[in-house]
Amino acid sequence: MKSSASLYHTFRAALLFALALCSFHAVAAPGGSTIGSAPQGTLVIIGGGLRADNAEVWQRIVKLSGGPGARIAVLASAAMNPEKSGESIIRKLNQYGADAFFVPLAVKLANRDYRKAAEDPAIVTQIKSASGIYFAGGDQGRITQALLRPDGSRTAALEAIWSVYRNGGVIAGSSAGAAIMSTTMFYDAKPVLDMLKMGVTDGREIAPGLGFIGSDVFVDQHLLVRGRFARMIPVMLKKGYHLGLGIDENSAMVVDAMRDVEVIGYSGALLIDLSGAISDRGVKNFNISNAAISYLDRGDKFNLVTRVFTPSPDKADNKLDPNQPDMREPVFTNDILGNNAVLDLMGNLIDNAQQEAIGIAFGNPRDPYPDLGFEFRFSKTVNSVGYSSTEAEAYSVLKLRLDIRPIQLRQPLYRYK
């Protein structure tokens, strides 16, 4: 007879699987077809800039694909020079034990018709022989151009990729290869601040992605180093996403069939929740109130169905006591979109006697709207939680409130003395 603990874990796994099936809810694929059940595979969503010595990420891809000798199909469809990019990735994957191979399917591949290649039975067979797929970085628009027909339906090659994923294989992608993971992706995106000032247009800044993660989660990459969390929010509002995940460079999110997200690699990811957010339509410029923002550090886990967070082992016993903060000084930055600025602000706020922090974003005084800027106000609520690492100066930060509102800047911003 099974023990009560064993029965509990069996029941929990069955419940999570059932919830995952409901959560995936027959995702609409480009061209109108649907996927009726949740794939059994795993996603490895890499924020770009993956270094050759990041063994944790490379080894995880190989391990999830079957371990030593795993057949991994490399699609460098996004690259300007697909053969060179593909060779580099194959070399790295093989260094960590894979048997990776190049799939000759790319818009920029010389002397090849990518539309014919996408329907070629030999290439389809090659892809189906793999237990893992790796999408290289570059321009994500080239990936969808290569794998979708002009009418938006799936090519035979893309159907083969989905078959690998549905049957338990791995879909990994870096930078552009991460952007395609959601049903909407950035396409010809303006700078972050310009997107807040001038808005987002379908077919211009955004376009359909390939939707491997499902229709309910938006994905972005190069996140912390480029301040891209701010561009996620207007897109999520426009397209109706409640959850957004943004992964930083040289880092990855591993998303399994139960929709558990684990952060691995060098840095972490931001989780944005707009389920309780509102916008004031009476205000002319972009604004939002009551968004929730969390930072998931390396080693942390989060389930997209149950919304349960599990800290990394080095933080598990080190939950912050809000009554015993380590800091007391005000938290402010005049460049919230700068390199890691949002992460520094969130870490400094969660372990602080202060209840809120402010970041400002403004642009070049010569841009089209020099007097328009934005205030980002981060606040602690009763639901805000922090964890501190016992091994490094690192935090996990859960459920800070984020309000963004437009501000008018005095011109000129500065004068010479």
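By convention here, each chain's residues receive numbers from 1 onward along its written sequence. Selection of residues for local features in this predicted model requires a pLDDT of at least 70, selection of side-chain atom pairs for listing and counting requires 80 or more, and totals for whole chains, interfaces and linings are taken over all residues. Side-chain figures throughout are based on the complete set of non-hydrogen atoms in the structure, without hydrogens or water.

So what's going on with the environment of Gly359? Residues and values would help.
Of note, Gly359 is situated in strand β17 (residues 356-361). Exposure is judged per residue with a 1.4 Å probe applied to protein chains only, and the accessible area is read against the type maximum: over 50% gives exposed, under 20% gives buried, and values in between give partly exposed. The class for Gly359 is buried, based on a relative accessible area of 0%. Along the chain, Gly359 and Arg298 lie 61 residues apart, while their C-alpha atoms are 24 Å from each other. With residues near it in sequence (within four places) discarded, Gly359 still touches Thr333, Ile336, Leu345, Phe374, Glu375 and Phe376. Secondary structure elements are defined from DSSP: runs of H or I of at least 4 residues count as helices, runs of E of at least 2 residues count as strands, and each element is numbered from the N terminus. What makes two residues a contact is simply this: any of their non-hydrogen atoms within 4.5 Å.

Go over the side chain of Ser267, please, and point to the residues and values.
Within the fold, Ser267 resides in the loop between β11 (260-265) and β12 (269-273). In this structure Ser267 comes out as buried when scored by relative accessible area, which is 8%. Here the side chain of Ser267 touches Asp248 through a polar contact of 3.2 Å, side chain to side chain. Those residues within four positions of Ser267 in sequence are excluded, and the remaining contacts are Leu224, Asp248, Glu249, Asn250, Ser251, Tyr295, Asp297 and Arg298. Distance and chemistry together define a polar contact, namely a pair of N or O atoms within 3.5 Å, with one atom able to donate a hydrogen and the other to accept it when in protein, and with adjacent residues in sequence counting only for side-chain atoms on both sides.

Explain a nonpolar patch on the surface to me, using residue names and the numbers behind them.
The patches reported here contain residues having more than 30% relative accessible area and no salt bridge. Joining distances are 9 Å for like charges and 5 Å for nonpolar side chains (Val, Leu, Ile, Met, Phe, Trp, Tyr). To measure how exposed things are, a 1.4 Å probe is used in the Shrake-Rupley method; for residues, cover is taken only from the protein chains shown. Think of a salt bridge as a Lys or Arg side-chain nitrogen and an Asp or Glu carboxyl oxygen that are within 4 Å of each other. Together, Phe362, Leu413, Tyr414 and Tyr416 line one region of the surface with nonpolar side chains, adding up to about 510 Å² of accessible area. Relative to the helices and strands, Tyr416 is located in the segment after β20 (395-408). Overall, Tyr416 belongs to the exposed group, its relative accessible area being 77%.

Can you lay out helix α3 (residues 82-95) for me, pointing to particular residues and giving the numbers?
Here α3 spans 20 Å end to end across 14 residues, near enough to the 20 Å set by a 1.5 Å rise per residue. Among all positions in α3, only Pro82, Gly86, Ser88, Ile89, Ile90 and Leu93 are buried. Structurally, α3 contributes buried residues whose contacts are with α2 (55-64), β2 (71-75), β3 (99-102) and β4 (132-135). Just beyond α3, the residue with positive phi is Gly97, at close to 105°. Multiplying 1.5 Å by the residue count of a helix minus one yields the expected span of that helix.

Help me get a handle on the packing of helix α5 (residues 121-128) against helix α7 (residues 156-166), residues and values and all.
Each pair of packed helices gets described by two things: the angle between the helix axes and the distance between those axes. Only C-alpha atoms enter the line fits that serve as axes; for helices the fit covers just the stretch in contact. Angles between N-to-C directions range over 0 to 180 degrees. One can describe the packing of α5 onto α7 by two numbers: an axis separation of 9 Å at closest approach and a directional angle of 15°. Here α5 is positioned roughly parallel relative to α7, judged by the angle of their axes. Regarding α5 and α7, the two cross each other, and that crossing is right-handed. Taking contact as the criterion, the partners of Val124, Ile127 and Lys128 in α5 are, on α7, Ala156, Ala157, Ala160, Ile161 and Val164. Amino acid classes used here: Ala, Val, Leu, Ile, Met, Phe, Trp, Tyr, Cys and Pro are nonpolar; Asp, Glu, Lys and Arg are charged; the rest, including Gly, are polar. For the contact of α5 with α7, the class distribution of residues is 7 nonpolar, no polar and 1 charged. Geometric relationships in this document are graded by angle, where less than 35 degrees denotes roughly parallel, more than 145 denotes roughly antiparallel, 65 to 115 denotes roughly perpendicular, and other angles denote oblique. Throughout, a crossing is termed right-handed when the near helix is turned clockwise from the far one, and left-handed when it is turned anticlockwise from it by less than a right angle.

Run through the packing of aromatic side chains, naming residues and quoting values.
Stacked, edge-to-face and tilted labels apply to pairs of Phe, Tyr and Trp rings (six-membered ring for Trp) whose centres lie within 6.5 Å, assigned for plane angles under 30 degrees, over 60, and everything in between, in that order. Considering all chains together, one arrives at 10 aromatic pairs under this definition. Judged by centre distance (5.9 Å) and plane angle (15°), the ring pair of Trp58 and Tyr134 falls under stacked. Placement of the pair is Trp58 in helix α2 and Tyr134 in strand β4, with a sequence separation of 76 residues. In this structure Trp58 comes out as buried when scored by relative accessible area, which is 1%. Judged by centre distance (5.5 Å) and plane angle (50°), the rings of Phe218 and Tyr241 are tilted. Taken together, the residues Phe218 in strand β8 (residues 217-220) and Tyr241 in the loop between α11 (229-239) and β9 (243-247) connect sequence positions 23 residues apart. Given a relative accessible area of 0%, Phe218 falls into the buried group. Aromatic ring contacts, followed pair by pair, group Phe135, Trp162, Tyr165 and Phe212 into a single cluster. The lysine or arginine in question, Arg231, covers the ring of Phe186, its NZ or CZ lying 3.7 Å from the ring centre. Any Lys NZ or Arg CZ found within 6 Å of a ring centre and within 35 degrees of that ring's normal is scored as a charge over the ring.

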